[in-house]
Amino acid sequence: MLRGSIALSLAIAALFTATATAQMRGTMTPPRAITLCQPKAPGAGEQNASAKQVLAAAEKHLDDQPHALAHVHTEGTLPHQGIRDQSIEAERDWPLMRQAALAWRLSADARYLHQVDAYLAAWSNTYQPDFNPIDETNLDGLIDAYVLTSAALPASTRDATRALLRKLGDGYIARIHAFPTEHKPGTATNNWQSHRIKLVTLAAAALGDQAMLKTAHELFERQVADNIKPDGEVIDFAERDALHYVVYDLQPLVAAALAAKPFGDDWLRYATPQGASLAKALDWLRPYAEGSRTHEEFVHTRVKFDRDREQAGEKGYSGPWDPKTAATLYWLAAQLDDGYLPVAQRVSPAPPDWIGACSYGQ
């Protein structure tokens, strides 16, 4: 049974013994890292379908080149506004890096390692964090790629990437501690904060920085208290009247819990004195994901931008909520607790390939 998620692999930097050579020969065997993500070699059996898909997709993108930008910005923008279009194009690099890293671990084909090296070097030496968590949340693809390949990267790329991750982790912590003076009202407790905590936790796990991880844990506990009600409803639901934002609030917290799991903490089950927990929030959403309850999205939203997106024709900002949009959330949650596997399979029979390509320690 599938257990864990690629997000769990973010802890391997703390466990790596970085003795592998950085020389990238065509027949190079990937260094064996102590990691909860052990990508499956393609072979007989449906269980390897995701690995086959990863390799097929990675092969198609081997000739792609990085689109690194110093800054990206999509938050609060409509199509074709500002640098939105350029940012969306550039951000496609991040999951592509993770895909190439998985392909290398699956195949030992050094072409994929070369590609990861090129992309990580380009981004690490170009990107300047703005510390907008909505713009930067998808950097998890870059972080995954680093963790999966770290021990085999050239020292220059490894050091540059670690410097970027440290800047992200330390920078977000500093800005969280600067509340309320430096942020929009409400973002100290809503989905923005969930994404900040995700990025801090993933950076800490990738760096193997126990002090940063301890801070991330404290911030996670505070967010559970501030964002999740004792019955499991998140504050974003009342603000936006949309399950879209329930998913968007919980998925980064699940990713954080997965990254922290190898360090021995059960963030999923942490509960406040009032009884709020990430598990209870997932359970609150579950009837909607399973289809026993339905919801019309954004009917009573308090945010004008939601109306603007609807008028611009963006999908998902009116009408009934589509449970399929919770597929990644519940496939990730199922890696923390097998009890979420039935709902994950209900919303999507197979996991996203970047999750399904991995086998995890029992």
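Residues numbered from 1 in each chain as written. Predicted model: local features only at pLDDT ≥ 70, side-chain atom pairs only at ≥ 80, totals over all residues. Heavy atoms only, no water.

Attention shifts here to the overall build of the chain. For the chain, the count of helices and strands is 17 helices and two strands. Buried residues in the chain amount to 56% of all 362 residues. Residue pairs at least 24 apart in sequence account for 74% of intrachain contacts in the chain once pairs closer than 6 positions are excluded. Surface exposure of the chain reaches about 15000 Å², of which carbon and sulfur atoms provide 50%. (Helix = DSSP H or I, 4+ residues; strand = E, 2+ residues; numbered from the N terminus. Buried < 20%, exposed > 50% of the residue type's maximum accessible area, 1.4 Å probe, protein only. Contact = heavy atoms within 4.5 Å. Areas by Shrake-Rupley, 256 points an atom, 1.4 Å probe, with all protein chains shown as cover.)

This part is about the pattern of salt bridges. Counting across every chain of the model gives 16 salt bridges. Two residues, Lys198 and Asp140, come together in a salt bridge whose shortest N-O distance is 3.0 Å. Placement of Lys198 in helix H9 (residues 191–207) and of Asp140 in helix H7 (residues 140–149) is noted, with a sequence separation of 58 residues between them. Like Lys198, the residue Asp140 is buried in the burial classification. One salt bridge in this structure joins Lys304 and Asp308, with 3.0 Å as the shortest N-O distance. Of this pair, Lys304 and Asp308 both sit in helix H14 (residues 304–311), separated by four residues, roughly a single helical turn. You can call Lys304 exposed: its relative accessible area is 61%. (Salt bridge = Lys/Arg side-chain N within 4 Å of Asp/Glu carboxyl O.)

The biggest cluster of nonpolar side chains holds 99 residues, and the ones touching the most others in it are Leu142, Leu165, Leu278, Leu282, Leu285, Tyr330 and Tyr340. The element that contributes the greatest number of residues to this core is helix H12 (residues 243–260), accounting for 11 residues. Once residues within four sequence positions are removed from consideration, Leu278 is found in contact with Phe220, Ile228, Leu250, Leu253, Val254, Ala257, Trp267, Leu268 and Tyr270. (Core = buried A, V, L, I, M, F, W, Y, C linked by side-chain atoms within 4.5 Å.)

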